[in-house]
Amino acid sequence: MNKPSFRTFAAALAVLAAAGGSLAVAASPADTIALRQANFKKMGGAMKVIKDELAGSANKAKMAGAAKTIAAMARAQGPLFPNGTGPSAGKTDALPAIWSQRPTFDGHAKKLIAEADKLVAVAGSGNAAAVGVQFKAVGGTCSGCHKQFRADD
Amino acid sequence: MTEKVRVWDVPVRLFHWSLLGLFAFSWWSGENHEMEWHRQSGLLILALLLFRLFWGLAGSRTARFAHFLKGPRTVLAYARKAADEHATDGHNPLGGWSVAALLAVLLTLVVAGLFSVDVDGLESGPLADYISFDGGRTAAEIHEVAFNVALGLIGLHVCAIGFYQFLVGRDLVSPMITGRREREQGETLDDVRWSPVRALIGLVVILALVWAVSKGFHFNSAGDV
């Protein structure tokens, strides 16, 4: 009796650990929407940190930390747009076009990851001018996608 | 004695019409995400409002707060029979408070704008780096509420002008353009007088201050974004 129950427990742990990497799969649409909104908010906050640093003392550690947050969030967001998490599922500015033009949307998501990784690289160099240029590139990726796939408030 | 009397000085009139133009432009640029234009326009509005506050203390007779902000009894008495009242020397007792309310709301609007951050952290007012992202989002919400209140007050302002124009038969628009209105029978008002030197001094100080605000008080920033 001991052994199987231990095995069941271990299996449950493994499933939980796996689910940790892709929470969206198991979560309700409302939870998924809430999670991706929280992630976008973290990205917005991190963008502000970089912008503030560029306006002030250009602290290398702060900029690098914020860039890493953006890159991590960019990776986390892709799986958080499963079918059934559009405007019909709850309060979200995500437009139905995300699901009808999925390849385009995924292209934006991929581009964001690439640009965010570049931002991490230049933020580590501490070169404020280069960070400024890459900040704009990341920002352009954000707004490029938002223009097409986010409701305008 | 001429039959026309000058009731609005040049700075008051310039202030009024520039404010109207810039408010419209700010509205348009905000709606169309032309944020660089929106910031510039907002800073100019800030300069205008600060100048109007200064002019409320240093301007001509009808520009001064002490001249047009009346106590509640006077305001009520005027409101009861506004249509029968004679033309006032400048703002009437009710309109004076309308001006004060507009100034207060527009100041709230532009100051909130200085601290506002957009949801993506991409666009922000020049002072947003002094507060957190959440603080900046709250400022953006205040900015929006103040804008709607301002629209309401402007609507009220236009209705009041329509009331005088069509129901009382008094033209309030032309005097705000030319500075002059018909002198009423037996009215012994002097033309308003103002000091260009004083206006210039105020303008220079205010423009310097607004320039510093536009830089976020950072005069040697690391990068330009």
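Please refer to the structure higher up on the page.
Notes on the structure in this doc start here. Keep in mind that this is a model prediction, so the values were computed, not measured.

Structural notes on the overall build of chain A
The secondary structure content of chain A amounts to 6 helices and 0 strands. Secondary structure elements of chain A occur, N-terminal to C-terminal, as α-α-α-α-α-α. Out of the 153 residues in chain A, the part that is buried amounts to 35%. Counting contacts in chain A only where the partners sit at least 6 residues apart, residues at least 24 apart contribute 70% of the total. A total accessible area of about 8,300 Å² is found for chain A, and carbon and sulfur atoms account for 65% of it.

Observations regarding the interface of chain B and chain A
Listed per partner, the contact involves 20 residues of chain B and 21 residues of chain A. Across the interface of chain B and chain A, roughly 1,700 Å² is buried in total on both sides, 58% from carbon and sulfur atoms. Where chain B touches chain A, the interface holds 2 salt bridges. Note that arginine 150 of chain A is salt-bridged to aspartate 120 of chain B, the shortest N-O span being 3.0 Å. Between chain B and chain A we count 8 residue pairs in polar contact (both at pLDDT 80 or more) in total. Along the lines of polarity and charge, the residues of the side of chain B that touches chain A split into 8 nonpolar, 7 polar and 5 charged.

Considering unusual backbone geometry
Both trends apply: most residues other than glycine have a negative phi, and most peptide bonds are in trans. We note that alanine 58 of chain A has phi near 55°; this positive angle belongs to a residue other than glycine. By the secondary structure assignment, alanine 58 of chain A is in the loop between helix 2 (29–55) and helix 3 (60–77).

Thoughts on helix 6 (residues 133–168) of chain B
With 36 residues, helix 6 of chain B should cover 52 Å at 1.5 Å per step; its first-to-last C-alpha distance of 51 Å lies within 8% of that length. All of the buried residues along helix 6 of chain B are Phe133, Gly136, Ala139, Ala140, Ala146, Phe147, Ala150, Leu153 and Tyr164 of chain B. Taken together, the buried residues of helix 6 of chain B touch helix 2 of chain A together with helix 1 (10–31), helix 4 (72–80) and helix 5 (93–115) of chain B.

Quick look at the nonpolar core
Leu49 and Leu106 of chain B are the most contacted members of the largest nonpolar core, which totals 38 residues. At the level of secondary structure, the elements contributing two or more residues to this core comprise helix 1, helix 2 (35–58), helix 3 (65–68), helix 5, helix 6 and helix 8 (196–214) of chain B. When neighbours within four sequence positions are excluded, leucine 49 of chain B is seen to be in contact with Phe15, Leu103, Leu106, Leu107 and Val110 of chain B. Core analysis: the second largest hydrophobic core is formed by 24 residues, Met43, Ile50, Leu119 and Phe135 of chain A among them.

A short note on the layout of surface pockets
Residues and elements named next belong to chain B. Space inside the second largest pocket adds up to approximately 1,300 Å³. As for the second largest pocket, its lining consists of 48 residues, and the residues nearest its centre are His91, His157, Ile161, Leu172 and Met176. Elements represented by at least two residues in the lining of the second largest pocket include exactly helix 1, helix 5, helix 6, helix 7 (173–178) and strand 2 (180–182). Broken down by element, the residue count for the lining of the second largest pocket peaks at 10 residues, all from helix 6.

A few points about the packing of helix 3 of chain A against helix 5 (residues 102–125) of chain A
Residue and element names in this part refer to chain A. The N-to-C vectors of helix 3 and helix 5 enclose an angle of 165°; their axes lie 8 Å apart at closest approach. In terms of orientation, helix 3 lies roughly antiparallel with respect to helix 5. The crossing of helix 3 and helix 5 is left-handed. Along its contact with helix 3, which presents Lys60, Met63, Ala64, Ala67, Lys68, Ile70, Ala71, Ala74 and Arg75, the element helix 5 presents Leu112, Ile113, Ala116, Asp117, Leu119, Val120, Ala123, Gly124 and Ser125. By residue class, the composition of the contact of helix 3 with helix 5 is 12 nonpolar, 2 polar and 4 charged.

Quick notes on the pattern of salt bridges
A side chain with one charge may pair with a side chain of the opposite charge, provided their charged atoms come close. Evaluation of the coordinates by the stated rule reveals 13 salt bridges over all chains. In this structure, the salt-bridge partner of lysine 41 of chain A is aspartate 134 of chain B, at a minimum N-O distance of 2.9 Å. You can see lysine 41 of chain A sitting in helix 2 and its partner aspartate 134 of chain B sitting in helix 6, one on each of two chains. Linking glutamate 123 of chain B and arginine 39 of chain B is a salt bridge whose minimum nitrogen-to-oxygen distance equals 3.1 Å. Of this pair, glutamate 123 of chain B sits in the loop between helix 5 and helix 6 while arginine 39 of chain B sits in helix 2, and the two are 84 residues apart along the sequence. What makes glutamate 123 of chain B partly exposed here is its relative accessible area of 27%. The exposure class assigned to arginine 39 of chain B is partly exposed, which follows from its relative accessible area of 22%. Three or more residues joined by partner-sharing salt bridges are found here, namely Glu36, Arg39 and Glu123 of chain B.

Scoring rules and cut-offs
One numbering rule holds for all chains: residues counted from 1, following each sequence as written. Here every chain gets a letter starting at A, and every ligand a number starting at 1, in the order they are written. This being a predicted model, a pLDDT of at least 70 is required before a residue's local features are given, and a value of 80 or more before pairs of side-chain atoms are given or counted; all residues contribute to the totals for chains, interfaces and linings. Hydrogens and water molecules were not included; the side-chain quantities draw on all heavy atoms of the structure. Here a helix means four or more residues in a row that DSSP labels H or I, a strand means two or more in a row labelled E, and each is numbered from the N terminus. Type-normalised accessible area, obtained with a 1.4 Å probe on protein chains alone, sets the label of each residue: buried when under 20%, exposed when over 50%, and partly exposed for intermediate values. In what follows, residue pairs with any heavy atoms lying within 4.5 Å of each other are defined as contacts. Surface accessibility follows the Shrake-Rupley procedure with a 1.4 Å probe radius. Residue values consider only the protein chains on display as shielding. Defined in terms of a 1.4 Å probe, buried area is the accessible area two parts forfeit on being brought together, summed over both. For this document, the term salt bridge refers to a Lys or Arg side-chain nitrogen within 4 Å of an Asp or Glu carboxyl oxygen. Contacts described as polar in this section are N or O atom pairs within 3.5 Å, which, within protein, must combine one atom able to donate a hydrogen with one able to accept it, while residues neighboring in sequence count only if both atoms come from side chains. Three categories are distinguished: nonpolar for Ala, Val, Leu, Ile, Met, Phe, Trp, Tyr, Cys and Pro, charged for Asp, Glu, Lys and Arg, and polar for the others, with Gly belonging to the last. Multiplying 1.5 Å by the residue count of a helix minus one yields the expected span of that helix. To qualify as a nonpolar core, a set must consist of buried Ala, Val, Leu, Ile, Met, Phe, Trp, Tyr and Cys residues joined through side-chain atoms within 4.5 Å. Both site types are read off a 1 Å grid over the protein atoms alone. A 1.4 Å probe that fits but cannot get out defines a cavity, while an open set with protein on both sides within 12 Å along at least five of seven lines defines a pocket; lining residues have an atom within 4 Å of a point. Grid points are joined across faces, edges and corners, and a volume is the space filled by probe spheres set on the points. Fitting a line to C-alpha atoms yields each axis, with helices limited to the stretch in contact; the angle taken between N-to-C directions then spans 0 to 180 degrees. Roughly parallel means an angle under 35 degrees; roughly antiparallel, over 145; roughly perpendicular, 65 to 115; everything else is oblique. The crossing is said to be left-handed when, going from far helix to near helix, the turn is anticlockwise and less than a right angle, and right-handed when the turn is clockwise.

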